[in-house]
Amino acid sequence: MLLEKVREIRHHHDKYIIDEEALKSNKIVLRLPPYHCELNAIEMAWSVVKNHVKNNNTIFKINDVRLIDGIKKVTPDMWANFVSHTIKEEDKLCDVDNNTDQVLDQENTSHVMLITGDTSSSDDSD
């Protein structure tokens, strides 16, 4: 009974504050597809932090590793490189998408016969 009620009203509550705020400025939030960390620069920065934790976590206690030290290792130049790399990856995927569209368009049009002018044959003169 309770689960049915949740299903009934859930769509009224499937909103995110960030989406609502963006709509106020006629913007939309574009979410990254799952499993595409190459499109998210923060993943590369996070890998620097995780590597710091791995290298400095000797006693496996939270106080052993200062995350802020790992975060400080991500310099502005590194961040710029991460963003640049992400843009290049996005461009690659756009190129693949465009090339795929072109191939599919060619395949679809190669099966179309364009007929113009007089379509009667010489045998139709009877």
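Residues numbered from 1 in each chain as written. Predicted model: local features only at pLDDT ≥ 70, side-chain atom pairs only at ≥ 80, totals over all residues. Heavy atoms only, no water.

**Quick look at the overall build of the chain**
For step 1, the next point in the chain: The number of helices and strands found in the chain is five helices and zero strands.
For step 2, the next point in the chain: Put simply, the chain runs from its N terminus to its C terminus through helices and strands in the order α-α-α-α-α.
For step 3, the next point in the chain: A burial count over the chain gives 11% of its 126 residues as buried.
For step 4, the next point in the chain: Restricting to contacts in the chain with at least 6 residues of sequence separation, those with at least 24 account for 47%.
For step 5, the next point in the chain: Only carbon and sulfur atoms are counted for the fraction: they give 57% of the accessible area of the chain, which is about 11,500 Å². (Helix = DSSP H or I, 4+ residues; strand = E, 2+ residues; numbered from the N terminus. Buried < 20%, exposed > 50% of the residue type's maximum accessible area, 1.4 Å probe, protein only. Contact = heavy atoms within 4.5 Å. Areas by Shrake-Rupley, 256 points an atom, 1.4 Å probe, with all protein chains shown as cover.)

**Observations concerning unusual backbone geometry**
For step 1, the next point in the chain: Phi is positive for Asn26, close to 55°, though the residue is something other than glycine.
For step 2, the next point in the chain: By the secondary structure assignment, Asn26 is in the loop between helix H2 (17–24) and helix H3 (41–56).
For step 3, the next point in the chain: For Asn26, a relative accessible area of 72% corresponds to the exposed category.

**Considerations on the pattern of salt bridges**
For step 1, the next point in the chain: Overall, the coordinates contain five salt bridges when judged by the stated rule.
For step 2, the next point in the chain: With a closest N to O distance of 2.9 Å, Glu21 and Lys24 form a salt bridge. Taken together, the residues Glu21 and Lys24, both in helix H2 and three residues apart, mark about one turn of the helix.
For step 3, the next point in the chain: According to the relative accessible area criterion, Glu21 is partly exposed, its value standing at 42%.
For step 4, the next point in the chain: The class of Lys24 is exposed, set by a relative accessible area of 63%. (Salt bridge = Lys/Arg side-chain N within 4 Å of Asp/Glu carboxyl O.)

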